[in-house]
Amino acid sequence: MEGYIVSLIIFTAVFALFSLGLNLQWGFTGLINFGHVAFMVVGAYLVVMLTLPGYLKAIPERLVAEIGWIRDSPQLSNWLLQTQALLPAQIPLWLAVLLGAAAAALLGLLMGIATLKLREDYLAIVTIGVAEIIRLAALNEEWLTRGSFGIQQFPLPLATLNPNLVVRIAMIVVLTAIVGLGIGYLWRWVRRRIKSALVAPLLVSSGAIALYIALLVPLLYAISALCRGLVAIADVPDWGVALVLLVLLLGGGGLYAWSGRRLLPRLPAQPEGTALLAAVVISGLGLWVYGYAASALYHYERNPVKTGLMWLSVIIVALVFAGLQRLVRSPWGRVLKAIREDEEVARALGKNVFWYKLQALMLGGAIAGIAGALYAWQLTTVYPDNFRPLETFNAWTIVVLGGAGSNVGTLLGAAIFWAYQTLTRFFLEDLIPLGDAQLGAFRIMLIGLLLMVLMIWRPQGILGKSEELTLGR
């Protein structure tokens, strides 16, 4: 369990960082980016190629061997082979991460120059195309990326670290400070929401909502029994079971939404009660996960690679989050929000709208490039199929779930998303008689249904503000 929790923290941190970049582009600036994974591809591949011993020095020789027009030019071939001696055999990890982020920002610059002066839908189309072009280039240009074989056995951060007791305790203290600040931030938000509500109505509302949600558990088991009965009694194919599940979920979701809108608003302090219940649950789960993380740091020698990467990932997310919070609250961030609401007004006030959009696209891309490096280190291998369009869909899910224009909401959305991924991976197969491929598709379909319900109940997301809603602009 400890090793799995460590991996879960890393994945959550990686996609929180990835989604923070998208939230800066869309949530704060209104840029529709459906190819955000392109920045992750650039960051991941560049970091592993720069840090793998001897890989960088071999690129000129591969260029001469694989590219015909270079091979047919003796002067260019000789020049490339001469530069081979000047290239370093390996670049330090920290420098490679900075170069990967810079390359991702450069990609954002090129994309922005080509599209940001056009309508928003052109940006969406171009980003999808660029992401697929980069992924297919990584798949087909084997001389550079090893194609479908992928790149393995590259150096990992803190892999050789053997900390003594003092260093381990210091690492635990840093982790504790970050977790404490996060939980404190959550409760400050809750206190602002419930400062005008009475305690008794809050408790009644929270208890009613908890009971209401708990009634879903027997409903899920009833659906499971029905599906298993269909499979046992009649030879129902998998698509038939999926169809029955879809009908039941749509009907149950509609009934739940209708009854919730009819019953829950009659409870006193219902929104504040929801916030209080959510804060209690999130704080409890956060402390439970923190216990495993602290134990992993104390027993560092059990899994030094993943434990060190977990600690590093949490540190990077905390630093990027703090930096983004300062930026979006600064005059620069207020200009981004003004552009999101109405760029003509910002332009009339003398702001260079194009330049601000370009900065947001580049900075969001650089953050996604850093996330790509962490993603590659977590997977310990890099394949083109690791960066499918589904990863961009996951980032959009996280941002919409947590609330567009809210960095705190993005972190919360990442935690909820990966909690959903974990729970459904372990428990859904016990409830629904489907194969692995069908279960994977059903999980995506289910999270789409949950997003639809969220858009009905709270279109601005969990922590988003309705007056800053950018969806559909």
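Our structure's up above, just so we're on the same page.
Residues numbered from 1 in each chain as written. Predicted model: local features only at pLDDT ≥ 70, side-chain atom pairs only at ≥ 80, totals over all residues. Heavy atoms only, no water.

J.: Outline the side chain of Asn394, listing residues and values.
T.: As for its placement among the helices and strands, Asn394 is situated in helix α17 (residues 389-402). The contact partners of Asn394, leaving out residues within four places of it in the chain, are Phe15 and Phe417. (Helix = DSSP H or I, 4+ residues; strand = E, 2+ residues; numbered from the N terminus. Contact = heavy atoms within 4.5 Å.)

J.: Mind laying out unusual backbone geometry, listing which residues take part and the relevant values?
T.: With a phi angle near 65 degrees, Arg146 is a residue other than glycine that sits in the positive phi range. Here Arg146 shows up in the loop between α8 (142-145) and β1 (151-152). Residues other than glycine seldom take positive phi values, yet Leu158 does so here, at roughly 60 degrees. Counting through the fold element by element, Leu158 comes out in the loop between β1 and α9 (165-194).

J.: If you had to explain the packing of aromatic side chains to someone new, which residues and values would you point to?
T.: Summed over the entire model, instances satisfying the criterion amount to eleven aromatic pairs. Plain terms: the ring middles of Phe15 and Phe18 are 6.1 Å apart, the flat faces sit at 90 degrees to each other, and that makes the pair edge-to-face. Of this pair, Phe15 and Phe18 both sit in helix α1 (residues 2-28), three residues apart, roughly one helical turn. Side by side, Phe15 and Phe18 carry an identical accessibility label, which is buried. An aromatic cluster of at least three residues, connected via ring pairs, comprises Phe11, Phe15, Phe18, Tyr45, Tyr375, Phe387, Phe417 and Trp418. Sitting over the face of the ring of Tyr55, Arg62 holds its NZ or CZ atom 4.5 Å from the ring centroid. (Phe/Tyr/Trp six-rings, centres within 6.5 Å; stacked < 30°, edge-to-face > 60°. Buried < 20%, exposed > 50% of the residue type's maximum accessible area, 1.4 Å probe, protein only. Lys NZ or Arg CZ within 6 Å of the ring centre and 35° of its normal.)

J.: Lay out the pattern of salt bridges in plain terms, naming residues and giving numbers.
T.: Side chains that carry opposite charge are capable of pairing whenever their charged atoms lie near each other. Inspection of every chain in the model, using the stated rule, returns seven salt bridges. Salt-bridge contacts for Arg135 lead to Glu132; the nearest nitrogen and oxygen are separated by 3.0 Å. Within this pair, Arg135 and its partner Glu132 are both found in helix α7 (residues 120-140), separated by three residues, close to a single helical turn. Of the charged contacts in the structure, one is a salt bridge between Glu341 and Arg340, with a shortest N-O distance of 2.8 Å. What makes Glu341 partly exposed here is its relative accessible area of 33%. A relative accessible area of 7% places Arg340 in the buried class. (Salt bridge = Lys/Arg side-chain N within 4 Å of Asp/Glu carboxyl O.)

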